[in-house]
Amino acid sequence: LLRHYSEGRVLVLSGGSEPADEVHPEVRQVLAERGLEPEDHPKRFDAAMVQAADVVVTMGCGEECPYYPGRTYLDWEVEDPHGQPVERVRAIVDDIDTRVRALLTTMLTEPS
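Conventions and cut-offs
- Residues numbered from 1 in each chain as written.
- Predicted model: local features only at pLDDT ≥ 70, side-chain atom pairs only at ≥ 80, totals over all residues.
- Heavy atoms only, no water.
- Helix = DSSP H or I, 4+ residues; strand = E, 2+ residues; numbered from the N terminus.
- Rg over C-alpha atoms; globule rule 2.2 N^0.38 Å.
- Buried < 20%, exposed > 50% of the residue type's maximum accessible area, 1.4 Å probe, protein only.
- Contact = heavy atoms within 4.5 Å.
- Areas by Shrake-Rupley, 256 points an atom, 1.4 Å probe, with all protein chains shown as cover.
- Lys, Arg positive; Asp, Glu negative; His and termini not counted.
- Charge placed at Lys NZ, Arg CZ, Asp CG, Glu CD.
- Core = buried A, V, L, I, M, F, W, Y, C linked by side-chain atoms within 4.5 Å.
- Polar contact = N/O pair within 3.5 Å; in protein donor to acceptor, adjacent residues only side chain to side chain.

Visitor: Talk me through the overall build of the chain; I want residue IDs and the actual numbers.
Guide: When its secondary structure is counted, the chain shows 4 helices and 2 strands. Going residue by residue from the N terminus, the α and β elements of the chain occur as α-α-α-β-β-α. Its C-alpha radius of gyration of 14 Å places the chain within 12% of the 13 Å reference for a compact globule of 112 residues. Taking all 112 residues of the chain together, the buried fraction comes to 29%. The contacts of the chain with a sequence gap of at least 6 include a subset with a gap of at least 24, amounting to 50%. Surface accessibility of the chain: about 7,600 Å² in total, with carbon and sulfur atoms responsible for 50%. For the chain, the distance from the average site of its 11 positive side-chain charges to the average site of its 22 negative ones is 5 Å.

Visitor: Outline the nonpolar core, listing residues and values.
Guide: By size, the foremost hydrophobic cluster in this structure holds 11 residues: L2, Y5, V10, V12, W76, V78, I92, I96, V100, L103 and L104. Of all elements in the fold, only α1 (2-6) and α4 (86-109) reach the threshold of two or more residues within this core. Sorting elements by how many residues they give to this core places α4 first, with 5 residues. Once residues within four sequence positions are removed from consideration, L104 is found in contact with L2, Y5, S6, R9 and V10. The next biggest cluster of nonpolar side chains, apart from the first, holds 8 residues, and it includes V23, V30, L36 and V86.

Visitor: Outline the environment of Y73, supporting the account with residue identities and numerical values.
Guide: Within the secondary structure, Y73 sits in strand β2 (residues 72-75). Residue Y73 is classed as partly exposed on the basis of its relative accessible area, which comes to 26%. Note: C-alpha distance between Y73 and V57 (16 residues apart in sequence) is 5.9 Å. The contact partners of Y73, leaving out residues within four places of it in the chain, are V50, V56, P66, Y67 and Y68. Within the local environment of Y73, its side chain forms a polar contact with the backbone nitrogen of Y68, the two atoms lying 2.8 Å apart.

Visitor: I'd like a description of the environment of E18, backed by residues and values.
Guide: Among the secondary structure elements, E18 is positioned in the loop between α1 and α2 (25-33). Since its relative accessible area comes to 60%, E18 is described here as exposed. Excluding anything up to four places from it in sequence, E18 contacts R44 and E64.

Now the structure itself:
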């Protein structure tokens, strides 16, 4: 979502602490409804990704997420879409969408 809304103004790296083998079909469906296509395969985040970031958004990885001083960390408590019906996944994506838009506004208006 951030990659889409930033229109290339923000470099987005994405990874998970325990990524699934594939994007959940319900998530893929909801993103497709919005004209978006997720990455082919979820990937595990690594230290280099976190070190390269100015802002690190986590969604429940807790202690598994590496911490590096000088980065802004945001921990969004978001329901896991795994196993949820598509209606619930839409609500989860709507929640993330709202947060992403607010984050992008902040990122583009704050001096770097």
